[in-house]
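# Tertiary structure, described
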Amino acid sequence: MLDKYKSSTVYQIYVKSFCDSNGDGIGDLNGIRSKLKYIQSLGVKYIWVTPFFCSPMIDNGYDVSDYRNINPMFGTMEDCEKMIAEADSLGMGFMFDMVFNHTSDKHEWFQRALSGDEEYMKYYIFRDEKPAEWTASFGGSAWDYVPELNKWYLHLFAPEQPDLNWENPKVHEELKDVIRFWKAKGVKGFRFDVLNLISKPENLHQPSGAATRFCKDGPRVHEFIRELVTDTGIEDMITVGEMASTTLENSIRYTKPENHEMSMCFSFHHLKVGYKNGDKFSLMPPDLKMLRDYFSEWQEKMSDSGGWNAVFWCNHDQPRIVSRFGDEGQYWKESAKMLATFVHMLRGTPYIYQGEELGMTNAHFTSLEEYRDVEAINYYHILIERGNSESEALNVLSQRARDNSRTPMQWTSGKNAGFSESESWIGINGNYTRINVETEESDDDSILNYYRKLVQLRKDYRVISEGSIKFLDSGNEKVFAYERTLNDERLVVICNFSNEDEKISGIDVKGKVLIGNYSGSHKIMRPYEALAILEG
Ligand code: TEU
Ligand code: CA
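Residues numbered from 1 in each chain as written. Chains lettered and ligands numbered in written order. Predicted model: local features only at pLDDT ≥ 70, side-chain atom pairs only at ≥ 80, totals over all residues. Heavy atoms only, no water.

## Let's talk about the coordination of the calcium ion (ligand 2)
Taken together, Asp-20 (OD), Asn-22 (OD1), Asp-24 (OD), Ile-26 (O) and Asp-28 (OD) make up the protein donors of the calcium ion (ligand 2), found 2.2 to 2.4 Å from the metal. Along the chain, the residues donating to the calcium ion (ligand 2) are arranged with the sequence spacing D-x1-N-x1-D-x1-I-x1-D. For the residue pair Asp-20 and Ile-26, the accessibility class agrees, reading buried in each case. (Donors = N, O, S within 2.8 Å, 3.2 Å for Na, K, Ca; no water. Buried < 20%, exposed > 50% of the residue type's maximum accessible area, 1.4 Å probe, protein only.)

Pasting the structure below:
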């Protein structure tokens, strides 16, 4: 069953910023429908779409108030059913995004709890006293007080996102029914939001600190996931768990097929190599040695253990990778292609986030008013409280805010980048006149057409989709290299993460260049050069 995913690629859509069909400046389901042929042209097999269920939109849909109904902002159930059917007719399947660690505070269950309904209070994590000084992911305390109940409730994210109590079997049954509902609608897979946070520690009286640190990979998490998957019969679907800050050992357990948990999982260690002292909002240049060591260890050990990685650079929570580890200027095209080659030749299932295939860049917002995300706005004020000036705080946001990945998809060089007839809910990146689908379609050498080649190579070569992996010593810390082997086939991938010519040594490979971002051959690696060479 897993083999279906080894040669597949997944495309991720952030619904609010993908395509607006009705001129309200907000992306919607019919906008997605209108672009299904484009998505199919990338060669992808699955489409992960972020939540579009009823929500007050405090966290842009990750605060669900009704798991079975469509937020009118995005369309109707009929639009949704047509979207699923049309993708199916094009040979693609949707993966819907299940936010099961928490609901919106406007969900009927929490509203009943707030009214004092004992049964529904047990759906959440209420305590008479605040057990610990935990901080929430978006800043502030993770425990909020409800005067009417004279109790505190836990929320790892915003106060409007109360955590569900997974110790309550009734919560399991409610959520399994949500999965059965969408499975019956023809959904072909699921992404599970912060799935490794659902099992809370028995003792909530932990020292103060980040709440997610105490809740990740909890005591019953594997039991809960296995129950969710087996009781709903989704083992044969593609499933991916977002496992914030998980460990390699747990990632292997989450994804070994015999455990009946997830097909694969996301971890984020590779995206924290620029976090000074582990703090997302403290800047430092990316530590390339840490980056290479992470990939080397996780790729090799997951390969040796029978686990399976979701491999990616971008998503709706992460800044754009070409701005982060590549170059927006002179080597924009080369660096975007190098970063893509590095990920797409790895062992695992690759994910392409909307606009990544164009080389879309960070937004470069210059004022707080341009930001929309709850995390960014909260952390702007936290940074000021920490003593940063306004410009220092805005500089941090310009590099780390999730809004960087949420500017509208750039379809054309025309009005509003072809995203909408009206002004969009968030600013459009000013480089849309140069970076857009229409312009790149007609350029054989575009980043877009390079991504298409990468996706096709995974289908054509089993050494890519199934081969084992071993990282190689290139003799140069800025040049990452690895080999993929299967039977007598050997593919060697060499990627220069630097903006200068770099010498390498100790890599002996002769064969056909399957893909590369420079023409001709050189003794050295050129700035951001990528090469995948099939031996023999
Ligand atoms: O993200 C979980 C998560 O860890 C994020 O907080 C992310 O790591 C962080 O923003 C990076 O700085 C999931 C969803 O992807 C995110 O959009 C939601 O805000 C969050 O859960 C709560 O549902
Ligand atoms: Ca719309």
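## Considering the packing of helix H13 (residues 332–344) against helix H17 (residues 447–460)
Packing of H13 against H17 brings their axes to within 10 Å, and their N-to-C directions diverge by 15°. In this view, H13 runs roughly parallel relative to H17, as classed from their interaxial angle. Crossing angle aside, the handedness with which H13 passes H17 is right-handed. In this structure, H13 uses Trp-332, Lys-333, Ala-336, Lys-337, Ala-340, Thr-341, Val-343 and His-344 to contact H17, whose residues at the interface are Ile-447, Tyr-450, Tyr-451, Leu-454 and Arg-458. Residue composition of the contact of H13 with H17, by class: eight nonpolar, two polar and three charged. (Axes fitted to C-alpha atoms, helices over the stretch in contact; angles between N-to-C directions. Helix = DSSP H or I, 4+ residues; strand = E, 2+ residues; numbered from the N terminus. Parallel < 35°, antiparallel > 145°, perpendicular 65-115°, else oblique. Left-handed = near helix turned anticlockwise from the far one by under 90°. Contact = heavy atoms within 4.5 Å. Nonpolar A, V, L, I, M, F, W, Y, C, P; charged D, E, K, R; others polar.)

## Here's the deal with the packing of aromatic side chains
Applying the stated criterion across every chain yields a total of 46 aromatic pairs. On the numbers, 6.3 Å between centres and 70° between planes, the contact of Tyr-11 with Phe-18 is edge-to-face. Here Phe-18 and Trp-411 contribute two aromatic rings whose centre-to-centre distance is 5.1 Å and whose plane-to-plane angle is 80°, an arrangement assigned as edge-to-face. Note that Phe-18 is positioned in the loop between strand E1 (10–13) and helix H2 (29–33) and Trp-411 in the loop between helix H15 (390–400) and helix H16 (437–441), a separation of 393 residues in sequence. The exposure class assigned to Phe-18 is buried, which follows from its relative accessible area of 0%. (Phe/Tyr/Trp six-rings, centres within 6.5 Å; stacked < 30°, edge-to-face > 60°.)

## Let's talk about helix H11 (residues 288–305)
The terminal C-alpha atoms of H11 lie 26 Å apart, and with 18 residues this matches the ideal 26 Å at 1.5 Å per residue to within 8%. Next to the buried residues of H11 lie helix H10 (248–255), strand E14 (310–311), H13, strand E16 (468–472) and strand E17 (479–486). Looking at where H11 begins, the residue whose side-chain oxygen comes 3.0 Å from the main-chain nitrogen of Lys-289 is Asp-287. Of the residues flanking the end of H11, it is Gly-306, one or two places downstream, whose phi is positive at about 85°. (Expected span 1.5 Å × (residues − 1). Polar contact = N/O pair within 3.5 Å; in protein donor to acceptor, adjacent residues only side chain to side chain.)

## Quick look at the environment of Cys-215
Relative to the elements of secondary structure, Cys-215 occurs in helix H8 (residues 211–215). Overall, Cys-215 belongs to the buried group, its relative accessible area being 0%. As a C-alpha pair, Cys-215 and Leu-204 span eleven residues in sequence and 9.3 Å in three-dimensional space.

## What about the pairing of strand E10 (residues 189–192)?
The two faces of the sheet receive side chains in turn, since in a regular strand these alternate between them. Going residue by residue along E10, you find Gly-189 and Arg-191 tucked away on one face and Phe-190 and Phe-192 tucked away on the opposite face as well. Taken together, the four bridges between strand E5 (residues 93–98) and E10 define a ladder with parallel strand orientation. Residue pairing across strands places Phe-96 opposite Phe-190, the latter belonging to E10. Where E10 lies against strand E12 (residues 238–242), four bridges are found, and the strand directions are parallel. Note that in E12 the partner of Phe-190 across the bridge is Thr-239. (Pairing = 2+ DSSP bridges.)

## Some details on the side chain of Asn-315
Assignment of secondary structure puts Asn-315 in the loop between E14 and helix H12 (321–324). Only 3.2 Å separates the side chain of Asn-315 from the backbone nitrogen of Gln-318, close enough to count as a polar contact. Apart from the residues lying within four places of it in its own chain, the contact partners of Asn-315 are Gln-12, Phe-268, Tyr-353 and Ser-405.

## Digging into the environment of Asn-496
By the secondary structure assignment, Asn-496 is in strand E18 (residues 489–496). Exposure remark for Asn-496: the relative accessible area of 0% places this residue in the buried category. Sequence-wise, Asn-496 and Lys-478 are 18 residues apart; in three dimensions their C-alpha atoms are separated by 6.1 Å. Setting aside residues no more than four positions away along its own chain, Asn-496 makes contact with Met-338, Lys-478, Val-479, Glu-502, Met-525, Arg-526, Pro-527, Tyr-528 and Glu-529. There is a polar contact of 2.8 Å between the side chain of Asn-496 and the backbone nitrogen of Ser-498.

Note that all results are geometric; they support no functional claim without further evidence.
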